[in-house]
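# Chain and residue survey
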Amino acid sequence: MNKPASNLMITFEQDAKLVNSLLEVLTREQSSLVLSDIDAIEAVMEEKSVLLQNISLTANSRYAALAAGGFAPNESGMTAWLKSQTKPALTESWERFQKSISQAKEMNRLNGVLINKHFNRNQQLLNHLQGSLDNSGVYGKNGQAKSQSGSRSSLIA
């Protein structure tokens, strides 16, 4: 049985600040990925990790408050708690917060795509340096037959 909803003190102020900071960090990460700035990427990843830990802590705190109020300690419990409130501003704040989280998830997904592209390109370069390119074709770019001997590079990495 739910306790009176007015006894719960749940706000999204800290969450919103953290997610806005995360959006800024993800934007910087994306710029660094586009520029292939490895030093900046490493610094941003550390900052992103700390922010994600803090976001997790505030979410756990919010869920603990919901559980203490007799609501499910998850998003459905949050929805039920919001419905019990007589403050439309809280619901609007929660909806803005959810939109920010969705935006951060999408930015993180796009950054992951960029990271995968960098990884694949680097893997191709490593394969080339190690002489393990696919030599299954019969003719080279110049139209001449490929030599099957000497296909390994003399460069040792």
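Criteria and thresholds
Residue positions within a chain follow its written sequence, with the count starting from 1. Reporting of local features is limited, given that this is a predicted model, to residues whose pLDDT is at least 70; pairs of side-chain atoms are given and counted only at 80 or more, and all residues count toward the totals for whole chains, interfaces and linings. To obtain the side-chain values, all non-hydrogen atoms of the structure were included, while hydrogens and water were left out. Think of it this way: any DSSP run of H or I at least four residues long counts as a helix, any run of E at least two long counts as a strand, and we number them from the N terminus. With a 1.4 Å probe rolled over the protein chains alone, any residue whose accessible area is under 20% of its type maximum counts as buried; one over 50% counts as exposed, and the rest are partly exposed. Given the number of residues in a helix, its expected span is that number minus one, multiplied by 1.5 Å. Contact definition: two residues touch when any of their heavy atoms are within 4.5 Å. Criterion for a salt bridge: a side-chain nitrogen of Lys or Arg within 4 Å of a carboxyl oxygen of Asp or Glu. Known as pLDDT, the predictor's confidence for each residue is given on a scale from 0 to 100.

## A few points about the side chain of N111
Looking at the element boundaries, N111 is found in helix α4 (residues 88–129). Residue classification places N111 among the buried positions, given a relative accessible area of 1%.

## Points about helix α1 (residues 13–35)
Across its 23 residues, α1 extends 33 Å between first and last C-alpha, which sits within 8% of the 33 Å expected from 1.5 Å per residue. Turning to α1, its buried residues number three or more, namely D15, L18, V19, L22, L23, V25, L26, E29, S32 and L33. Buried residues in α1 make contact with α2 (38–68) and α4. Remark: S36 follows α1 within two positions and exhibits a positive phi of approximately 55°.

## A closer look at the side chain of K48
Relative to the elements of secondary structure, K48 occurs in helix α2. Sequence-distant contacts of K48, that is, excluding residues within four places in its chain, are made with L22, V25, L26, E29 and N108.

## Overview of the pattern of salt bridges
Tallied over the full model, the rule gives four salt bridges. R62 is the salt-bridge partner of D15, the closest N and O atoms lying 2.5 Å from each other. Taken as a pair, D15 in helix α1 and R62 in helix α2 lie far apart in primary sequence, 47 residues in all. The two residues D15 and R62 agree in class, both being buried. A salt bridge links E29 to K48, with the nearest nitrogen and oxygen atoms 3.1 Å apart. Of the two residues, E29 sits in helix α1 while K48 sits in helix α2, which places them 19 residues apart along the sequence. Across this residue pair, the class does not change: E29 and K48 are buried.

## Structural notes on α2
Owing to its 3.6 residues per turn, the α-helix brings residues three or four apart onto one side. Compared with the 45 Å implied by 1.5 Å per residue over 31 residues, the 45 Å span of α2 between its first and last C-alpha is a close match. Of the positions making up α2, those classed as buried are I41, V44, K48, L51, I55, T58, A59, R62, Y63 and L66. Where the residues of α2 are buried, they touch α1, α3 (75–84) and α4. Count one or two residues on from α2 and you reach G70, which has phi positive near 90°.

## Quick word on unusual backbone geometry
You will see that S36, though not glycine, has its phi angle at about 55°, which is positive. If you trace the backbone, S36 turns up in the loop between α1 and α2. Judged by its relative accessible area of 32%, S36 falls in the partly exposed class.

## Considerations on the confidence of the model for the protein
In the predicted model, the protein carries a mean pLDDT of 84, and the fraction of residues at 70 or more is 81%. By mean pLDDT, α4 is the weakest element of the protein at 91, and α1 is the strongest at 94. For the stretch residues 1–6, pLDDT sits under 50, and the model shows nine contacts to residues farther than four places along the chain or on other chains. Per-residue pLDDT stays below 50 along residues 149–157; that stretch engages in seven contacts with residues further than four places along the chain or on separate chains.

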